[in-house]
Amino acid sequence: MSASTVTSASDNSLSRKARRRSAALGVAAWAVGIGFCLPALWMVLTSFHAEADAATNPPSVAAALTLDGYRTFFGGGGGPTPWPPLVNSLAASFFSTVLVLLLALPAAYALSIRRVRKWTDVMFFFLSTKMLPVVAGLLPVYLFARNTGLLDNIWLLVLLYTSMNLPIAVWMMQSFLADVPVSIIEAAQVDGARLPTVLRRVVAPVAGPGIAATALICFIFSWNELLFARVLTGVVAGTAPVHLTTFVTSQGLFLAQLCAASVVVSLPVLIAGYAAQDKLVQGLSLGAVK
């Protein structure tokens, strides 16, 4: 047998092994992805079941489908309307995200492009603020809100969410802005552009994907926050996650209604993530490979 024949057979064997390995990894990836999606799919399916079918054990997969859970959630059965909590969540998440971006962009600029002295210590300080358990700051914040008359006020949540998300935003945007070419900033400054103009017309467009990824993550964190909203709000400023807790009552757990409410509350985040998925992936991958 010639050497070329042996080499060709060896290459074919390696190619078959590589294809089998690739196929196995693909199957494993699909299995993991389906496993992650199963709870969400089960929640959606349960939201279309009647309460009696949703409460069966084992669960009744083939039960008849109905929209009663969604009708009840939207006040069709005479219950409370969900629109004020949804509007409160949207307002708190939107305004806090805007404030975070306005504060994080110049801070990240000072820590990445025009670096201040001991900028690594500043970055560690931002990170250290996330080391305190959230529940440890609950009582001081509650006392502050009570003494200042800010209990059950949506603007208190805006300030809280801004302060909670600002360290994460600065960390993320610092890595994004570190990839902005300094030459274009210097060219703009030579043309007479001041710092606000540089940030708005030079840095922001170049780091747009990173800013979009930061905004989406801050929006999600604000939308999903429950602890402070549950303690500091009541009737006026209650948010959507707080409204979800009303389906767990002393009469029992209304599982179908809770799943229907969870699906509706999850939709704004899913829609925002889907609309910004390209910029989100691009932004989260910026700076990953140097």
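Let me begin by describing the structure that accompanies this report. Small disclaimer: the values here were computed from a predicted structure and weren't measured.

Let's shift gears to the nonpolar core. Formed by 27 residues in total, the largest nonpolar core has its most connected members in Leu105, Tyr109, Leu177, Ile185 and Val203. Every element with two or more residues in this core is listed here: helix 4 (83–112), helix 5 (119–128), helix 7 (154–177), helix 8 (182–190), helix 9 (195–206) and helix 10 (208–224). Considering every element that reaches this core, the biggest residue donor is helix 7, with seven residues.

On to the packing of aromatic side chains, then. Scanning the model with the defined rule gives seven aromatic pairs in all. Taking 5.4 Å as the distance between ring centres and 75 degrees as the angle between the ring planes, the aromatic pair formed by Phe94 and Phe95 counts as edge-to-face. Of the residues examined, Phe95 reaches a relative accessible area of 37% and is grouped as partly exposed. Pairing Phe95 with Trp155 gives two aromatic rings, centres 5.4 Å apart and planes at 50 degrees, and the pair type is tilted. With Phe95 in helix 4 and Trp155 in helix 7, this residue pair connects regions lying 60 residues apart in the sequence.

How two helices sit against one another is set out by the angle between their axes and by the gap between those axes. Closest axis-to-axis distance for the helix 5/helix 7 pair is 8 Å, and the angle between their directions is 140 degrees. Overall, the two elements helix 5 and helix 7 adopt an arrangement that is oblique. Two packed elements cross with a definite hand, and for helix 5 against helix 7 that hand is left-handed. The residues of helix 7 that touch helix 5, namely those facing Trp119, Met123, Phe126 and Leu127, are Pro167, Val170, Trp171 and Gln174. Of the residues that constitute the contact of helix 5 with helix 7, the class distribution is seven nonpolar, one polar and no charged.

Going through the model one piece at a time under the given rule, you end up with one salt bridge. Measuring nitrogen to oxygen at the nearest pair gives 2.8 Å for the salt bridge that ties Arg71 to Asp68. In this pair, Arg71 and Asp68 both sit in helix 3 (residues 68–73), three residues apart, roughly one turn of the helix. Residue class for Asp68 comes out partly exposed when judged on its relative accessible area of 40%.

Considered as a void within the structure, the largest pocket measures approximately 300 Å³ in volume. Every residue lining the largest pocket is listed: Thr129, Lys130, Leu132, Pro133, Val134, Gly137, Val141, Leu160, Ser163, Met164, Pro167 and Phe228. Top element by residues in the lining of the largest pocket is helix 7. It accounts for four residues.

The rules behind the values
- Residues numbered from 1 in each chain as written.
- Predicted model: local features only at pLDDT ≥ 70, side-chain atom pairs only at ≥ 80, totals over all residues.
- Heavy atoms only, no water.
- Core = buried A, V, L, I, M, F, W, Y, C linked by side-chain atoms within 4.5 Å.
- Buried < 20%, exposed > 50% of the residue type's maximum accessible area, 1.4 Å probe, protein only.
- Helix = DSSP H or I, 4+ residues; strand = E, 2+ residues; numbered from the N terminus.
- Phe/Tyr/Trp six-rings, centres within 6.5 Å; stacked < 30°, edge-to-face > 60°.
- Axes fitted to C-alpha atoms, helices over the stretch in contact; angles between N-to-C directions.
- Parallel < 35°, antiparallel > 145°, perpendicular 65-115°, else oblique.
- Left-handed = near helix turned anticlockwise from the far one by under 90°.
- Contact = heavy atoms within 4.5 Å.
- Nonpolar A, V, L, I, M, F, W, Y, C, P; charged D, E, K, R; others polar.
- Salt bridge = Lys/Arg side-chain N within 4 Å of Asp/Glu carboxyl O.
- 1 Å grid on protein atoms, 1.4 Å probe; cavity = no way out; pocket = protein on both sides within 12 Å on 5 of 7 lines; lining within 4 Å.
- Points joined across faces, edges and corners; volume = space filled by probe spheres on them.

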